[in-house]
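The primary structure of each chain is shown beneath.
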Amino acid sequence: MIYKYVLLAIFISTSFYSNYLKAESVWVKYGNQIFRGVGDAKAIGLSESGVAAATGPLSIIWNPARLNSVDERSFIFAHQERFAGSVTFDIFGIDLQQRSESNWSLVLIREAVQGIPKTTDALLFGTGSLDDPEERVLSSNVTFFNQSQWAGVIGFATSRGEWNLGGNTKVLIHQLGEFSGWGIGFDVGGWKRLSTNNVIGISIRDITTSWVIWDSGTVERISPELRLGDAHSFDFDVFPLKVTTMGTIVLSMEGKKKNDDFFIGSFGSHYRLGLELNYNNKLNIRCGRNPISGFSTGLGFIFNFGEIDYAFVPSPLGTILGSSHYVSLNLKLEAIDSFFGILKK
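As a starting point, this report considers the structure included with it.

Okay, the overall build of the protein chain next. On a plain count of helices and strands, the protein chain comes out with three helices and 18 strands. Compactness check: the protein chain gives a C-alpha radius of gyration of 21 Å against a globular reference of 20 Å for 345 residues, within 12% of the reference. When the 345 residues of the protein chain are sorted by exposure, 45% land in the buried category. Taking as baseline every contact in the protein chain between residues at least 6 positions apart, the subset at least 24 positions apart corresponds to 54%. With an accessible surface of roughly 17600 Å², the protein chain has 63% of that area assigned to carbon and sulfur atoms. Side-chain charges of the protein chain comprise 30 positive and 33 negative groups, with the mean position of each set lying 6 Å from the other.

Counting 26 residues, the largest nonpolar core has Ile34, Leu58, Phe89, Ile91, Val107 and Ile109 as its most contacted members. Listing elements by their share of this core, those giving two or more residues are strand 2 (74-82), strand 3 (87-95), strand 4 (103-118), strand 5 (143-160) and strand 9 (210-214). If we skip the residues at most four places from it in the chain, Val107 touches Pro57, Leu58, Ile60, Ile61, Ile91, Phe92, Gly93, Ala151, Gly152 and Val153. Leu46, Ala65, Trp191 and Ala231 belong to the second-largest nonpolar core, a separate cluster that totals seven residues.

Quick look at the pattern of salt bridges now. Enumeration according to the criterion identifies 16 salt bridges in this entry. Between Asp206 and Arg36 there is a salt bridge whose closest N-O contact spans 3.9 Å. Separated by 170 residues along the polypeptide, Asp206 in the loop between strand 8 (198-205) and strand 9 and Arg36 in the loop between strand 1 (25-27) and helix 2 (41-45) bring together distant segments of the chain. Here the two residues Asp206 and Arg36 agree in accessibility, since each one is buried. Ionic pairing is found between Arg36 and Glu225, a salt bridge with its closest N-O pair at 3.1 Å. Within this pair, whereas Arg36 is found in the loop between strand 1 and helix 2, its partner Glu225 is found in strand 11 (residues 225-235), the two being separated by 189 residues in sequence. Bridged by salt links that share partners, the residues Arg36, Lys170, Asp187, Arg205, Asp206, Glu225 and Arg227 form one connected network.

Turning next to the packing of aromatic side chains. Summed over the entire model, instances satisfying the criterion amount to four aromatic pairs. Considering the side-chain rings of Phe303 and Phe305, the 5.1 Å spacing of their centres and the 0° angle between planes classify their relative orientation as stacked. Residue class for Phe305 comes out partly exposed when judged on its relative accessible area of 35%. The lysine or arginine in question, Arg82, covers the ring of Phe89, its NZ or CZ lying 4.0 Å from the ring centre.

This brings us to the pairing of strand 14 (residues 267-279). The pairing of strand 12 (residues 241-252) with strand 14 spans twelve bridges and is classified as antiparallel. Counterpart to Met246 in the pairing with strand 14 is Gly274. Looking at chain direction, strand 13 (residues 262-264) and strand 14 are connected through three bridges and run antiparallel. Opposite Phe263, over in strand 14, you have Gly268 as the bridge partner. Connecting the antiparallel pair strand 13 and strand 14 is a turn made up of two residues, with Gly265 showing a positive phi of about 65°. In terms of strand pairing, strand 14 meets strand 15 (residues 283-290) through seven bridges, oriented antiparallel. Following the sheet pairing, Tyr279 is matched in strand 15 by Leu283.

Backbone phi values are negative for most residues with the exception of glycine, while trans is the configuration of most peptide bonds. One non-glycine residue, Asn280, lies in the positive phi region at around 55°. Its place among the elements puts Asn280 in the loop between strand 14 and strand 15. Positive phi, normally seen in glycine, also occurs at Asn281, with a value near 55°. Within the fold, Asn281 resides in the loop between strand 14 and strand 15.

Calculation notes
Residues numbered from 1 in each chain as written. Predicted model: local features only at pLDDT ≥ 70, side-chain atom pairs only at ≥ 80, totals over all residues. Heavy atoms only, no water. Helix = DSSP H or I, 4+ residues; strand = E, 2+ residues; numbered from the N terminus. Rg over C-alpha atoms; globule rule 2.2 N^0.38 Å. Buried < 20%, exposed > 50% of the residue type's maximum accessible area, 1.4 Å probe, protein only. Contact = heavy atoms within 4.5 Å. Areas by Shrake-Rupley, 256 points an atom, 1.4 Å probe, with all protein chains shown as cover. Lys, Arg positive; Asp, Glu negative; His and termini not counted. Charge placed at Lys NZ, Arg CZ, Asp CG, Glu CD. Core = buried A, V, L, I, M, F, W, Y, C linked by side-chain atoms within 4.5 Å. Salt bridge = Lys/Arg side-chain N within 4 Å of Asp/Glu carboxyl O. Phe/Tyr/Trp six-rings, centres within 6.5 Å; stacked < 30°, edge-to-face > 60°. Lys NZ or Arg CZ within 6 Å of the ring centre and 35° of its normal. Pairing = 2+ DSSP bridges.

Okay, structure coming up:
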C-alpha cells in the first residue's frame, strides 16, 4: 500500500512540473548542494561513507532504507560552520511515529551565506567579464548580497523479505540575492544483512532527476547518482572495543569532475571510507576519507539520554577556503518523554 502512495506522489509532482520543464533547462554538475555534505557530526566524521551504516532520522539523506536499522526513535539537531564560518548550516531531524509496516522521519535544513561580493557592476571597462586581461574591479563599486536555502526531506523505510527498502521526497526553496527558485527530488535505497557483522547498502539520489525552477525561467536539472556501500564490524572479547569499517562507491551520472577518483566510461566516480572505534559504548573515535578535503575526523560521547558528536574537516584540497566544524546533539525521544511525557504510547 505504501508504494502506491509514493508512486502517486512522484507521478503527480512530475505531471505538475512538466510545463515548467518545457522552459530552458540547464544540466548542472553542482546542483542541490544543500543536500551534499550535510548531516550530523557522526556522518561527517566518517566522510559520508555510511550508505550501509547510517542510523537515526538523518539516514534518509544517504539511504532512506536505513531508518529500519534501529528501534530507538531520536531527535537530532546539528550545526555546521564551513570554510572558516563563511557558510552556516542548521539541521533538524526527528523520527516520526513508527507504524507496523514502516518507519518515517522528517528532516529540515537551513543554509545561509552572508555578504557575497557582487562584482558584475563594478568592472572598470564594463566588459561584464574578468576573462579580459585588461579588465579591473573597482572596489568602491562592489556591492554585496546574501544566499539562503531552506529544504525539507520526508522519508520512510519498510521491510520486504531479506531486504529493507525506503524512499524520500526532497523540497527546496533557494533565495540568491534578488532571484529565487524552488524544486523537488526523490531518492530511493535499500540494505541487506549478509551476516551478523556485515551489511550492504545501495541508494539512488535524484532517481527521476531533480530540478530547481528559477523565477528567471531557467530550470536547473540534476542527474541521478548511484551509491553502493558495505559496512563490517569487529567485536573483541578481551576488551570492550568495537571496530566498524565502511566504504561507499559513488557513481555520478552528471559526468566527470576534477575531484573524481576514477572514471567509468563518461561517468565520474569516487570512493569514501570510514572507520569508527567504539569503546565500552561510551566513546566513539571516527575518521574518514573523501575526495574533496582528503580526510575527516570526529569524536562522539554516548550518554543515557543520547549522544553528543563533533567533526572536523580541513579546507578542500588545493584551496584556502578554511576548515569546517560540525557539532550535533542526538537525543532519545524516550529520554525526553521521561521528563515531559510528550510521546504517545
